Amino acid sequence: MAVLEILKFPHPVLKRRSQEVSRIDEGVKKLIHDMKETMYEAGGIGLAACQVGVPQRVIVLDVSPMDPQHHFFALINPEIVSEEGEVEHEEGCLSVPDCLEKVKRKAKICVRGLSPEGMEAEIKGEGILAIALQHEIDHINGMLILDRVSRLKREIYRNKLRKEKRKEEKV
Ligand code: NI
């Protein structure tokens, strides 16, 4: 297993829709192991493959630090099949450092996909599990939390990045 580099906004891979996985081979299984290790190393509760530069529809989640009922799982080609209600929650993202934004999400969702063993999997969730699933599925559709907030907030974040870059250049 290996800890991979997490791509940061505005890396172009983060803006692209990821491809369906057509065959779960050893490469996909290794990717899932590496994503798991990378997520834990970074202290995250979820990670999408595009965040480590692989534009495939693979996500991993472990929301147990916030909801001990749910532990690690990986999902391939996840799709939201039903959703209901609305919640607003402050979200962060490993690809958008130093940014916490209130994002509107569905309160409850049902997601279908494949397990790493190639079995059909269905996950019904609410609370942080539902929020994290929607966040990761956004990633494989090329969406970041910055795409779910106002243009003003997006500009504020861009300006902050520019200022930090300038500071780095001076050092
Ligand atoms: Ni994220």
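Look a little higher up for the structure.
Worth saying up front: this structure is predicted, and the values here are computed from it rather than measured.

Calculation notes
- Residues numbered from 1 in each chain as written.
- Predicted model: local features only at pLDDT ≥ 70, side-chain atom pairs only at ≥ 80, totals over all residues.
- Heavy atoms only, no water.
- Helix = DSSP H or I, 4+ residues; strand = E, 2+ residues; numbered from the N terminus.
- Rg over C-alpha atoms; globule rule 2.2 N^0.38 Å.
- Buried < 20%, exposed > 50% of the residue type's maximum accessible area, 1.4 Å probe, protein only.
- Contact = heavy atoms within 4.5 Å.
- Areas by Shrake-Rupley, 256 points an atom, 1.4 Å probe, with all protein chains shown as cover.
- Donors = N, O, S within 2.8 Å, 3.2 Å for Na, K, Ca; no water.
- Pairing = 2+ DSSP bridges.

Engineer: Explain the overall build of the protein chain to me, please; I cannot follow it from the model alone.
Structural biologist: Summing up its helical and strand segments, the protein chain has three helices and five strands in all. Scaling as 2.2 N^0.38, a compact globule of 171 residues should have a C-alpha radius of gyration of about 16 Å, and the protein chain matches this with 16 Å. Expressed as lengths along the three principal axes of its C-alpha atoms, the size of the protein chain is roughly 50 × 40 × 30 Å. For the protein chain, buried positions account for 43% of its 171 residues. Partitioning the contacts of the protein chain with sequence separation of at least 6, the portion at a separation of at least 24 is 62%. Taken as a whole, the protein chain presents about 9800 Å² of accessible surface, with 50% of it coming from carbon and sulfur.

Engineer: I'm lost on the side chain of Asp138 in this one. Help?
Structural biologist: Here Asp138 lies in helix 2 (residues 127-140). We classify Asp138 as buried; its relative accessible area is 8%. What Asp138 contacts, discounting residues up to four positions off in sequence, is Arg105, Met143 and Arg148.

Engineer: So what exactly am I meant to see when it comes to the coordination of the nickel ion here?
Structural biologist: Where a metal carries four tetrahedral donors, each ideal angle is 109.5 degrees; where it carries six octahedral donors, the ideal angles are 90 or 180 degrees. Here the nickel ion is held by the protein donor atoms Cys93 (SG), His135 (NE2) and His139 (NE2), which lie 2.1 to 2.3 Å from it. Here the donor residues for the nickel ion map to a single chain with the spacing C-x41-H-x3-H. Within this pair, His135 and its partner His139 are both found in helix 2, separated by four residues, close to a single helical turn.

Engineer: Would you mind showing me how to read the pairing of strand 2 (residues 58-61) here?
Structural biologist: For a regular strand, side-chain orientation follows a simple rule: the groups alternate between the two sheet faces. Of the two faces of strand 2, both are covered, the one formed by Val58 and Val60 as well as the one formed by Ile59 and Leu61. Of the pairings in the sheet, the one linking strand 2 to strand 3 (residues 73-93) comprises four bridges and is antiparallel in character. Paired with Val60 across the bridge in strand 3 is Ala74.

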